[in-house]
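# Descriptive analysis of the structure
One letter stands for each residue in the lines below.
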Amino acid sequence: MSESILVPPPPAFAQGALVTSYAAYEALYRRSIDEPAGFWGEEAARIAWHRPYDAVCDAHARPGEIAWFTGGRLNVSYNCVDRHAAVTPDRPAILWARNEPGEYETITFRDLQERVGRFANVLRAHGVKKGDRVCIYLPMIPELACAMLACARIGAVHSVVFAGFSADALRERILDADCAVVITADEGLRGAKRVPLKPVVDAAVAGLESVRSVLVARRTGAAVQMVPGRDLWLADELARQRATCPIEWVDSEDPLFVLYTSGSTGKPKGVLHTTGGYLVYAATTHRYVFDAREGDIHFCAADAGWITGHSYIVYGPLANGVTTVMFESIPTYPDAGRYWQVVDDLRATIVYTAPTALRALLREGDEPVRKYRRDSIRVLGTVGEPINPDVWRWYFDVVGDGRCPVVDTWWQTETGGILIAPLPGAIACKPGSATLPFFGVRPLLIDDDGKVLEGNDVAGNLCLAGSWPGQARTIYGDHARFLATYFSRFPGYYFTGDGCRRDADGYYWITGRVDDVLNVAGHRLGTAEIESALVAHEAVVEAAVVGFPHSLKGQGICAYVITRPEFDAWDREELAGALKEQVRKAISPIATPDRILLVRGLPKTRSGKIMRRILRRIAAGDFDPSGFGDTSTLAEPAVVDEIVALARGG
Ligand code: ATP
Ligand code: MG
């Protein structure tokens, strides 16, 4: 079984790592649990405080009432920009990889300080004050990071909405967070596609009196309509302002941003993060999990519109003074070698991406990878979904040449930063497992009756005891929903919504959302495990597994599978039979799918996650779109119609 395969940290890497052995990890972990104030106090000392905090964490806090570094005052923009500009002004802060292959722009810490200062003055001129919310709907251009940091500089709260969402989804988010200023661009570029943004904003804010100003960055120069009195070109506004903007020192618990979850399980929630704890946690996890240090070039290929981008493109790396890459394009433009071209051109040392991107690249084979040297890479990371063991191996063996540790990082929008992941120099990995908790993190597995499962070799609902600095503080404007969503199912604990197994060695394996953990004839099966078994078959590119009501077994298993084009000529029945056999052999006969649907695409959120709740409805024979829930975050809604047609036919 995959459970017993151990991949130790590559020795050459481990030697020079920040944490070099399991024993060292364990000692630090113990200290973080036994003496959280001491442990986090030391980490917080890497951050500049305008006024020292009174207490590391609020010892009297009730679950769901969370406060860290109380009484402290600081500013995130100062920590990420000014203090580095003072010492290393010429170091690149942001390396922007434009959509056009081979085109880059370097922004030093000195440049960034100027740009952020000017931007912050623009916001002030538009009446933005401390605590006001600003909506950012921008593509991956430097203005996006500058806008976030400019908000932070004046104590305003940003709400970044991924620049791919529809007008309705954007409008809903602008209204929910009550944003008076929206920052956007004429268009975005994603590979060969131009993505109109300004027209989307126009539709989103039509008739909304609450939106006073729309600031528009020019990316492509496309003609757009400008509404007089409301819309202004960002460049003109910036040109009016000086670069010096005084810093607004804020309380540790003042809000830094609102960010809506990806919506793969339901209506997106406006997750609110505050200042001190979030910054300390983003910086600390970035340093340890990626073994980050001065001189690193951190290439996180996510969009800054997701929490991954917030914490590991912008705040974590910049707080640590590490150069960060902003990648405007997509992994397959102009071909599947694009990531590795960026790596070679910029000498990137850390690469952080998602299983969905890796699956797409693996499909194109090794050649586009081997064409590039990739010798600058030290650490490889993944986030967003369970990574299939086969994909993990490919990442490790081919992309990293067996030289670079792979860190599979489990976390959520709500957790602010990574919670379960291997420290790259210290922890032996098991492909497909996020391995062990980060410092200060206490994972618990709880059964459906609320009993905490002790010991190893157990599976249940993944919960967290206590708090960690990066934990979300509330859902914007709805604290009752925050408590109900995360703290009521298992009183006293934060409930993640994910199912998880702790194996005989104490390693954590995320089995999928608890809604996706199947109970087949009394056996608990993780959808992730079945999907990995399917992906291990040479014909399969991607698979999504869901349960459906079954009269005998309780739940039956339905697999939606995308196959490689080379297998198009195969007999469909035969192929489905081969795939069933594959799962039977890899896991057990119990896990054999009852139905296999060979589909062309899967319904995914714009962050690349499969929306299994829709697939569940379809598998249950319920084709009425009104039962699919909030689909505003779907990347390609047409995929759903295709699957429905296929399911009806089959
Ligand atoms: P919503 O909460 O609205 O349904 P979402 O959960 O998809 O949206 P995110 O906060 O972006 O939004 O995603 C967090 C989830 O992603 C986790 O709860 C988990 O299910 C999954 N996930 C993230 N990283 C990993 C990982 N390394 N392994 C397995 N699952 C992961
Ligand atoms: Mg979630």
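Rules behind the numbers
- Residues numbered from 1 in each chain as written.
- Chains lettered and ligands numbered in written order.
- Predicted model: local features only at pLDDT ≥ 70, side-chain atom pairs only at ≥ 80, totals over all residues.
- Heavy atoms only, no water.
- Buried < 20%, exposed > 50% of the residue type's maximum accessible area, 1.4 Å probe, protein only.
- Helix = DSSP H or I, 4+ residues; strand = E, 2+ residues; numbered from the N terminus.
- UniProt positions renumbered as here; feature names shortened; annotations may be inferred.
- Contact = heavy atoms within 4.5 Å.
- Near = heavy atom within 4 Å.
- Polar contact = N/O pair within 3.5 Å; in protein donor to acceptor, adjacent residues only side chain to side chain.
- Areas by Shrake-Rupley, 256 points an atom, 1.4 Å probe, with all protein chains shown as cover.
- Nonpolar A, V, L, I, M, F, W, Y, C, P; charged D, E, K, R; others polar.
- Core = buried A, V, L, I, M, F, W, Y, C linked by side-chain atoms within 4.5 Å.
- Pairing = 2+ DSSP bridges.
- Axes fitted to C-alpha atoms, helices over the stretch in contact; angles between N-to-C directions.

Across the nine residues of helix α17 (residues 527–535), eight count as buried, placing the element largely inside the fold. Buried residues of α17: Thr527, Ala528, Ile530, Glu531, Ser532, Ala533, Leu534 and Val535, and no others.

In the UniProt entry, the feature "binding site: Mg(2+)" (unreviewed entry) is given for Val535, His537 and Val540. The class of Val535 is buried, set by a relative accessible area of 12%. With residues near it in sequence (within four places) discarded, Val535 still touches Asn388, Val391, Val540, Val541, Glu542 and Ala543. Mapped onto the secondary structure, His537 falls in the loop between α17 and β28 (540–550). Residue classification places His537 among the buried positions, given a relative accessible area of 13%.

Taken together, 21 residues lie near ligand 1, and Ser262, Ser264, Thr265, Thr413 and Lys609 sit nearest. Taking Glu385, its main chain carries an N or O atom lying 3.3 Å from a nitrogen atom of ligand 1. Contact distances for ligand 1 include 2.7 Å between a nitrogen atom and a backbone N or O atom of Thr409. The fraction of the free accessible surface of ligand 1 (640 Å²) that becomes covered by protein chains is 94%. Secondary structure elements with two or more residues in the shell around ligand 1: β20 (406–409) and β25 (508–513). Looking at the shell around ligand 1, its residues break down into five nonpolar, nine polar and seven charged.

Attention now goes to the nonpolar core. One finds Leu112, Ile183, Tyr315 and Leu423 to be the most contacted residues of the largest nonpolar core, which totals 148 residues. Considering each element in turn, this core owes the most residues, 10 residues, to helix α6 (residues 142–154). Formed by 56 residues, the second largest nonpolar core is a distinct cluster that contains Ala97, Phe299, Phe396 and Leu598.

Taking strand neighbours across the sheet as the criterion, the seven strands line up as β5-β4-β17-β16-β18-β19-β20 in an open arrangement whose pairing is mixed. If you trace the sheet from one side to the other, it starts and ends with β5 (104–108) and β20, each paired once. Each neighbouring strand pair of the sheet contributes to a mean axis angle of 20°, computed without reference to strand direction.

This part takes up the pairing of strand β18 (residues 350–353). Burial along β18 is two-sided: the face carrying Ile350 and Tyr352 and the face carrying Val351 and Thr353 are both buried. With three bridges joining them, strand β16 (residues 297–300) and β18 adopt parallel strand pairing. Within β18, the residue paired with Cys300 across the bridge is Tyr352. Bridge analysis of β18 against strand β19 (residues 379–383) gives four bridges, and the strand direction is parallel. The residue of β19 that forms the bridge with Tyr352 is Gly381.

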